[in-house]
Amino acid sequence: MAWNEPGGGGKDPWGGGPNNSGPPDLDEIVRKLQERVSGFLGGGKGGGGGGGGPDISKRTIGIIAAVLLIIWLFTGIYIVDPAERGVVMRFGAYAKTTEPGPHWHIPYPVETVQLVNVDEISSFTHKAAMLTKDENIVDVELTVQSRIQDAGNYLFQDQAPEKTLRDATETVVRKTIGGSKLDFILTEGRSAIATMIKERVQSLMNEYKTGLLVTSVNMQPAKPPEPVKAAFDDAIKAREDKERLENQAEAYANEILPQARGEAARAVADAKAYRDRVIAEAEGQTSRFTAVLNEYSKAPQVTRERLYLETIENVLGANNTVLLDVPGGDSLMYLPLDQLMKKSKQSQASTSDSRRGLSQPTTASTGTPDPRSRSTSRERSTR
């Protein structure tokens, strides 16, 4: 049965007594709820009268506002990790960058903080076919690694720092490869080109204020395109053969030159020795001639006979045949047996050498007359 129906007792469930006029008053309900909340928060002072209600509401609101303010201020505390940097933005605009550690900023919506990891390494690979300085095509592949150096510039100075880094890398690589020759790129120039690319890309990053730091540029070995790979392999093989032949020639030169220098030094030494010997002999002959001249001036006849005897001795001592001319006698041929025996031994040695394939020496080389000629001469002298 409803409370306002007839026979229901006429009781108002809101404590308002009998009410037969209609639904309860909403203002009265709100007022009673406020009184109960005030009593719960300690505002029961002077609860006998209704005049203390407005003062209690202001105090409660102040306490609540203070608590909310403290909580709001505490939301401005933040901690930056060692690998991060805090970028403080005031009403969306860049204000400052904070280092690792605890910090405080004016809470939202006045200031906001964005934490940026500056130790994280990002990398990408760039690969393209490019034209070299000597008008050859080469495939270049390199990997670029970078990290954030300035968090403020990274967030606010460039709209897309990573794209800017890629575009700058492509520009620098084409410029560097286009200014280098193919042999330099394929051989010893790889590390030098990578260093050059890194320096030029970092210069562009600083100029554009991207806040990025290029940590490394790793260049893979350059290789020719597939359609001309066979020709490049032949060229590389030819270059290797050239280097090998040059090394062999250098080794041969290093072996021959010291030997030639030694032979030249020996020839110079022999020439000096010959010069000294000839000079000494000339000086000795000069001294001997002077001594003989002095003796000749003292005793001309004796000196003349001695010179004659020495000359005859030298002339006859070199001959194997001696003819004695005695007045009133016959010519007698002297046959030296020692020389004949010596010649016989030489003939036997020459025979053995000819059997071994060596050339046989002639009889004229021995300086001894042929026995047949001797016998012929003996027969003529006998007749």
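About the thresholds
- Residues numbered from 1 in each chain as written.
- Predicted model: local features only at pLDDT ≥ 70, side-chain atom pairs only at ≥ 80, totals over all residues.
- Heavy atoms only, no water.
- pLDDT = per-residue confidence, 0-100.
- Contact = heavy atoms within 4.5 Å.
- Axes fitted to C-alpha atoms, helices over the stretch in contact; angles between N-to-C directions.
- Helix = DSSP H or I, 4+ residues; strand = E, 2+ residues; numbered from the N terminus.
- Parallel < 35°, antiparallel > 145°, perpendicular 65-115°, else oblique.
- Nonpolar A, V, L, I, M, F, W, Y, C, P; charged D, E, K, R; others polar.
- Salt bridge = Lys/Arg side-chain N within 4 Å of Asp/Glu carboxyl O.
- Buried < 20%, exposed > 50% of the residue type's maximum accessible area, 1.4 Å probe, protein only.
- Pairing = 2+ DSSP bridges.
- Polar contact = N/O pair within 3.5 Å; in protein donor to acceptor, adjacent residues only side chain to side chain.
- Phe/Tyr/Trp six-rings, centres within 6.5 Å; stacked < 30°, edge-to-face > 60°.
- Core = buried A, V, L, I, M, F, W, Y, C linked by side-chain atoms within 4.5 Å.
- Patch = residues over 30% accessible without salt bridge, like charges linked within 9 Å, V, L, I, M, F, W, Y side chains within 5 Å.
- Areas by Shrake-Rupley, 256 points an atom, 1.4 Å probe, with all protein chains shown as cover.
- Lys, Arg positive; Asp, Glu negative; His and termini not counted.
- Charge placed at Lys NZ, Arg CZ, Asp CG, Glu CD.

**Student:** Would you mind showing me how to read the confidence of the model for the protein here?
**Tutor:** Confidence in the prediction for the protein averages 77 pLDDT; 72% of positions are at 70 or higher. The model gives residues 1-21 a pLDDT under 50, and that stretch makes 20 contacts with residues more than four places away or in other chains. Confidence drops under a pLDDT of 50 for residues 358-383, and excluding neighbours within four residues, the segment shows 22 contacts in the predicted structure.

**Student:** When you look at the packing of helix H7 (residues 229-298) against helix H8 (residues 300-317) in this model, what are you seeing that I'm missing?
**Tutor:** Each pair of packed helices can be described by the angle between their axes along with the distance between the axes. Relative to each other, H7 and H8 sit at 135°, their axes nearing to 6 Å. By the angle between their axes, H7 is oblique relative to H8. In contact with Arg288, Val292, Glu295, Tyr296, Ser297 and Lys298 of H7, H8 contributes Pro300, Thr303, Arg304, Arg306, Leu307 and Glu310. Residues belonging to the contact of H7 with H8 are distributed by class as follows: four nonpolar, two polar and six charged.

**Student:** What is the right way to read the pattern of salt bridges from this model?
**Tutor:** It is possible for side chains of opposite charge to pair when their charged atoms get near one another. This model, assessed by the stated rule, comprises nine salt bridges. In this structure, Arg174 engages Glu170 in a salt bridge whose closest nitrogen and oxygen atoms are separated by 3.7 Å. Of this pair, Arg174 and Glu170 both sit in helix H4 (residues 161-178), four residues apart, which is roughly one turn of that helix. The partly exposed category is assigned to Glu170, whose relative accessible area is 32%. A salt bridge links Arg288 to Glu310; its shortest N-O distance comes to 3.8 Å. With a gap of 22 residues between them, Arg288 in helix H7 and Glu310 in helix H8 connect regions that are remote in the sequence. The exposure class assigned to Arg288 is exposed, which follows from its relative accessible area of 51%. Accessibility expressed as a relative area gives 28% for Glu310, which makes it partly exposed. One salt-bridge network, held together by shared partners, links Arg288, Arg306 and Glu310.

**Student:** Would you explain the environment of Ile79 in this entry?
**Tutor:** Inspection of the secondary structure assignment puts Ile79 in strand S1 (residues 77-80). Along the backbone, Ile79 and Thr98 are 19 residues apart, and their C-alpha atoms lie at a distance of 9.8 Å. With residues up to four places along the chain from it excluded, the contact list for Ile79 reads Gly101, Pro102 and Leu115.

**Student:** Sorry if this is basic, but what is going on with the pairing of strand S6 (residues 122-131) here?
**Tutor:** Within a regular strand, the side chains alternate between the two sheet faces. Direction of pairing for S6 relative to strand S7 (residues 137-148): antiparallel, over a ladder of 10 bridges. Its bridge partner being in S7, Phe124 is matched across the sheet by Val144. Adjacent in sequence and paired antiparallel, S6 and S7 are bridged by five residues, among which Glu135 carries a positive phi angle near 65°.

**Student:** Is there a simple way to think about the side chain of Thr169 in this case?
**Tutor:** Turning to its location among the elements, Thr169 is positioned in helix H4. At 2.7 Å, the side chain of Thr169 forms a polar contact with the backbone oxygen of Leu165. In this structure Thr169 touches Phe124, Leu142, Val144 and Val201, once residues within four positions along its chain are discounted.

**Student:** Looking at this structure, I do not really get the packing of aromatic side chains. What am I missing?
**Tutor:** Any aromatic ring pair is given by two values, namely how distant the centres are and how the planes are angled relative to each other. Applying the stated rule across the entire model yields one aromatic pair. Between Tyr94 and Phe156, the ring centres sit 5.6 Å apart and the planes meet at 50°, which makes this aromatic pair tilted. Note that Tyr94 is positioned in strand S3 (residues 93-98) and Phe156 in helix H3 (residues 151-156), a separation of 62 residues in sequence. Exposure remark for Tyr94: the relative accessible area of 39% places this residue in the partly exposed category.

**Student:** What is the right way to read the nonpolar core from this model?
**Tutor:** In globular proteins that are soluble, nonpolar side chains generally tend to be buried together. Counting 33 residues, the largest nonpolar core has Leu142, Ile177, Ile197 and Met219 as the members making the most contacts within it. When residues of this core are traced back to their parent elements, those giving at least two are strand S2 (84-90), S6, S7, H3, H4, helix H5 (182-186), helix H6 (190-208) and strand S8 (212-219). When residues in this core are grouped by element, the largest group, six residues, is from H6. Those residues in contact with Ile197, other than ones at most four positions away along the chain, are Leu142, Val172, Val173, Thr176 and Val217.

**Student:** I'm lost on a negative patch on the surface in this one. Help?
**Tutor:** A cluster of acidic side chains, namely Glu240, Glu243, Glu246 and Glu250, defines a negative patch on the protein surface. Its location among the elements puts Glu243 in helix H7.

**Student:** Looking at this structure, how should I read the pairing of S1?
**Tutor:** Here S1 shows a clear split, with Tyr78 and Val80 buried on one side and none of Ile77 and Ile79 buried on the other. Both S1 and strand S4 (residues 101-104) contribute to a ladder of four bridges, which runs antiparallel. In the sheet register, Ile79 faces S4, and the bridge partner there is Pro102.

**Student:** Explanation requested: unusual backbone geometry in the structure shown.
**Tutor:** With the exception of glycine, most residues fall at negative phi, and the peptide bonds are largely trans. With an omega dihedral of 15°, the bond running from Tyr108 to Pro109 counts as a cis peptide bond. Take Pro109: it is sitting in the loop between S4 and strand S5 (111-117). Its identity as a non-glycine residue notwithstanding, Phe91 has a phi of 55°, on the positive side. Of note, Phe91 is situated in the loop between S2 and S3. In this structure, Glu135 takes a positive phi of about 65° despite not being glycine.

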